[in-house]
Amino acid sequence: MHATPRWPDLPGIAFGGDYTPEQWPRDVWDEDVALMREAGVNLVSIGIFAWGLIEVREGEFDFTWLDEVIALLHANGIRVDLGTPTASPPAWFFANHPDARAVTRDGVPLGFGARGMASHSAPAYREASVRIATALAARYGDHPAVVLWHVHNEYGVPVGEDFSPHAVREWRRWLERRYGTLDALNAAWGTAFWGQHYGEWDHIGAPATAPSTINPAQLLDFARFTDDQLRACFIAERDAIRAHSDRPITTNFMANQHGGCDLWKWAAEVDVVSDDHYLWAADEDAEIGLAIAADLTRSVGRGAPWILMEHSTSAVNWQPRNIAKRAGEMARNSFSHLGRGADGILFFQWRASRSGAEKFHSAMIPHAGTSSRVFREVTALGGDLGRLGEVRGSRVVADVAILWDFESFWAQGLEWRPSEDLDHSERVRAYYERLWRDGITVDFALPSHDLSPYRLVIAPAQYLLSAADAANLTAYVASGGVLVTSFFSAVVDENDAVHPGGFGAPLEPALGVRVEEHLPLRHSQAGEIVLDGAALAVDVWQEDLVVTSAEVRAAYTAGPAAGGAAVTRNVHGDGVGWYVSTRPDAAGLAAILASVYRDAGLRPAGLPAGVEAITRRGADADYRVVINHSGERVSLEMSGTDLLAQADLEGVLTVEAGAVAVVRTSHPQQEQQ
Ligand code: GAL
């Protein structure tokens, strides 16, 4: 069950960032709040890494400085997102509780001096984190400045998995709860293979370093366990806060890291979803990766407005090459998030740190100070967001869903798969990218969701698909939906066991094909298919398909499957199931999807190249958020009011190269009246 989303008590769109006054002398604080006001900042996150300065010794609290900071922010009308500092326990904690350190898979207990080294299964850590969360909530839970709670920081990073004795003990308990009996566990894990049968719960270890690849069902369960342990820590802190405060509670996700947290489950536990997003500098079309993360963030929150808790004004400091953003890029990034449902745009961090590991990370106030491009752009952004209060609460509507299932992602990523070229994220990106370029807005969904609102559902990488979820997808097609499934899908069930009947068997009714054999290609080996008379290049993967009821839309003309079916289309009930058994290049995928769109009644938006446009639907109006990533001025047919320029449009919106616009337009229904 999802908690009902609760938005913090704030005027308009939230704007601000992480604020670390503890790193600065007192006189800088006054300058900070004055500059925040100048920049239009209305929300800052504080206290996230300040445990040792609040609980100075175990059980001994000093709130003096925090009282003063919160009072200063309050006096200046800046709201507070108050962090619980539990992502980074202080030195005294590890000195007093050396057993509470996380242990690596090689058995090494992690050392102090970085952050996030605690074992999430250690009773001392659980107790201490609830104690500090309780102390903060008891003191500030009703403070008028505090409008939001920020529990911990990025669960699962830098450490999620833990192989400590505490973790092993909890893992065994978790398995007992999941399976009830060892017989059930042995069956689910297939322990008859390689003689792994267990006769005692206490004989089950965490999947630490072993001589060869470890039982994949065990690894998949360990990923589930790790995620559950992290979430239990969040829930314990959240409930401790709720006992003293009625303000909404969040924790910042990392949707673009696709890491160890199943965000569908996490989003159900927070009052408001928030996400941290950093561009992958090596990605030359990083705005597409950003859009994926933003759409995923909105989707896990089932469409409710969310907060971009962190992004960067310019370069980060932890990638191999930290590419600075150029003029306008920070605004474009911010508006892409806003267009995709974010009602808060925040940064890491307010003022660049002089010391420590992140001094080369950009900030709202860079080391160069306020006479800088970055600060000028920050201030301009604050002004622009200040004009968009009415957009808040409006929602993105999508006709297409792409399946994103964290468990399937984890499972596919395990070792000893048929080819190292199989890449879950890559396939999702490829399909998403085509839709992005066609200007078609996408939600993400689980295969268990009600998919009936969507004209088209794409499963680019659904390696793990339970029989029940396959039945849901089949029912979606039968009742009129269009489903596209890419290769290496519906291969295993929830225990990473191959489906009875073979690869893809549970989707056979919907797709009209079965996979007889996987035919991975050699590195750089090219294949070819022919679709509607046109030859299309494919690589990485082919399959021997057995066509049971589908129409063959493209056949292999080169490669190990030459002569066989490559792309199929199957009418099932009132809908259509497509199967794409190979990896086409971008042009090939475009050609396939053009036919799919016809089945689904979809049309590309016809946007100029490099232009992103997303619609947010409000109660009384639509908001078109337009981002021009190209180097050319563009014109789009559009009527309404340009909210940033504060001007009425005469049927055409012109957006300068690299610029953005937000236009209030009437609802399509209103236009028809
Ligand atoms: C985030 C983290 C921040 C800061 C930022 C920049 O992942 O939450 O605390 O480290 O990255 O590197």
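Our subject is the structure listed above.
The notes below deal with the structure included here. Since the structure is predicted, the reported quantities are computational estimates derived from the model, not experimental observations.

1. Quick word on the sheet that holds strand β21 (residues 551-558)
What the 10 strands build is an open sheet, ordered β14-β13-β15-β16-β23-β22-β21-β18-β19-β24; its pairing is mixed. This sheet does not close on itself; its edge strands, each paired only once, are β14 (442-445) and β24 (583-584). As paired elements, β21 and strand β22 (residues 565-572) share four bridges and run antiparallel to each other. Across the sheet, residue Ala-554 finds its bridge partner in β22, namely Val-567.

2. What about the sheet that holds strand β7 (residues 249-250)?
Neighbouring strands of a sheet are bound in pairs by backbone hydrogen bonds; such pairs are parallel or else antiparallel. Taking strand neighbours across the sheet as the criterion, the nine strands line up as β7-β6-β5-β2-β1-β11-β10-β9-β8 in an open arrangement whose pairing is parallel. Only two strands of the sheet have a single partner each, and these edge strands are β7 and β8 (252-253). Here three bridges tie strand β10 (residues 306-310) to strand β11 (residues 342-347), and the two strands are oriented parallel to one another. What sits directly across from Trp-306, in β11, is Ala-342. This element, helix α3 (residues 64-75), spans β1 (14-19), β2 (43-46) and β5 (79-84) of the sheet and lies at about 175° to β2. The sheet contacts of helix α11 (residues 329-339) involve β10 and β11, and relative to β11 the element is tilted by about 145°.

3. Observations concerning the pattern of salt bridges
Applying the stated criterion to the full structure yields 46 salt bridges. Between Asp-228 and Arg-231 there is a salt bridge whose closest N-O contact spans 2.7 Å. Highlighted residues: Asp-228 and Arg-231, both in helix α8 (residues 216-242), separated by three residues, approximately one helical turn. Where Arg-373 meets Glu-377, a salt bridge forms, and the shortest distance between an N and an O atom there is 2.9 Å.

4. A closer look at the environment of Asp-599
Of note, Asp-599 is situated in helix α17 (residues 586-600). Residue class for Asp-599 comes out partly exposed when judged on its relative accessible area of 27%. In sequence terms Asp-599 and Tyr-432 are 167 residues apart; their C-alpha atoms lie 18 Å from each other. Leaving out residues up to four positions away in the same chain, Asp-599 has contacts with Val-482, Arg-569, Val-576 and Trp-578. Here Trp-578 takes part through its side chain, which lies 2.9 Å from a polar atom of the side chain of Asp-599.

5. Describing the site of the ligand
Close to the ligand lie Phe-49, Arg-115, Asn-153, Glu-154, Asp-276, Tyr-278, Glu-310, Asn-317, Trp-318, Phe-348, Glu-358 and His-361, which account for all nearby residues. Arg-115 places a polar side-chain atom, nitrogen or oxygen, 3.1 Å from an oxygen atom of the ligand. For the ligand, whose accessible area on its own is 310 Å², the fraction buried by protein is 93%. Here the shell around the ligand is built from residues that sort into four nonpolar, three polar and five charged.

6. Quick word on helix α14 (residues 424-437)
Its 14 residues give α14 an end-to-end C-alpha distance of 20 Å, which sits within 8% of 20 Å, the value for a rise of 1.5 Å per residue. His-424, Arg-427, Val-428, Arg-429, Ala-430, Tyr-431, Tyr-432, Glu-433, Leu-435 and Trp-436 are the residues of α14 that are buried. In this structure Asp-423 caps α14, since a side-chain oxygen of it lies 3.1 Å from the backbone nitrogen of Ser-425. Gly-439 lies just past α14 and shows a positive phi near 70°.

7. Topic: the packing of aromatic side chains
Overall, the coordinates contain 31 aromatic pairs when judged by the stated rule. On the numbers, 6.3 Å between centres and 85° between planes, the contact of Phe-15 with Phe-347 is edge-to-face. Highlighted residues: Phe-15 in strand β1 and Phe-347 in strand β11, separated in sequence by 332 residues. Looking at Arg-351, its charged tip hangs above the ring of Trp-24, at a distance of 5.4 Å from the centre.

8. Considerations on the packing of helix α1 (residues 26-39) against α3
Relative orientation of the contacting elements α1 and α3 amounts to 30°, with a least axis distance of 10 Å. Here α1 is positioned roughly parallel relative to α3, judged by the angle of their axes. Considering only the axes of α1 and α3, their crossing is right-handed. Taking contact as the criterion, the partners of Arg-26, Trp-29, Asp-30, Val-33, Met-36 and Arg-37 in α1 are, on α3, Trp-65, Glu-68, Val-69, Leu-72, Leu-73 and Ala-75.

9. What to know about helix α6 (residues 165-179)
Over its 15 residues, α6 runs 21 Å from end to end, which matches the ideal 21 Å to within 8%, given 1.5 Å per residue. By the burial criterion, the buried members of α6 are His-166, Ala-167, Val-168, Glu-170, Trp-171, Trp-174, Leu-175 and Tyr-179. The inward-facing, buried residues of α6 contact α5 (123-140), α7 (182-189) and α8. Where α6 terminates, the next one or two residues include Gly-180, which has phi positive at roughly 75°.

10. Regarding the nonpolar core
Ranked by size, the top nonpolar core spans 172 residues in total, and within it Ile-46, Leu-73, Phe-335, Leu-388 and Leu-456 carry the most contacts. The leading source of residues in this core is α5, at nine residues. Excluding anything up to four places from it in sequence, Phe-335 contacts Leu-381, Asp-384, Leu-385, Leu-388, Val-625, Ile-627, Leu-644, Val-660 and Val-662. In terms of nonpolar packing, the next biggest core, distinct from the first, is built from 18 residues, Leu-175, Tyr-179, Ala-188 and Ala-217 among them.

11. Comments concerning the side chain of Ser-466
Positionally, Ser-466 belongs in the loop between β15 (456-459) and α15 (467-478). Among the polar contacts listed, one links the side chain of Ser-466 to the backbone nitrogen of Asp-469, at a separation of 3.1 Å. For Ser-466, the contacting residues outside a window of four places in its chain are Glu-494 and His-499.

The rules behind these values
Residues numbered from 1 in each chain as written. Predicted model: local features only at pLDDT ≥ 70, side-chain atom pairs only at ≥ 80, totals over all residues. Heavy atoms only, no water. Pairing = 2+ DSSP bridges. Helix = DSSP H or I, 4+ residues; strand = E, 2+ residues; numbered from the N terminus. Contact = heavy atoms within 4.5 Å. Axes fitted to C-alpha atoms, helices over the stretch in contact; angles between N-to-C directions. Salt bridge = Lys/Arg side-chain N within 4 Å of Asp/Glu carboxyl O. Buried < 20%, exposed > 50% of the residue type's maximum accessible area, 1.4 Å probe, protein only. Polar contact = N/O pair within 3.5 Å; in protein donor to acceptor, adjacent residues only side chain to side chain. Near = heavy atom within 4 Å. Areas by Shrake-Rupley, 256 points an atom, 1.4 Å probe, with all protein chains shown as cover. Nonpolar A, V, L, I, M, F, W, Y, C, P; charged D, E, K, R; others polar. Expected span 1.5 Å × (residues − 1). Phe/Tyr/Trp six-rings, centres within 6.5 Å; stacked < 30°, edge-to-face > 60°. Lys NZ or Arg CZ within 6 Å of the ring centre and 35° of its normal. Parallel < 35°, antiparallel > 145°, perpendicular 65-115°, else oblique. Left-handed = near helix turned anticlockwise from the far one by under 90°. Core = buried A, V, L, I, M, F, W, Y, C linked by side-chain atoms within 4.5 Å.

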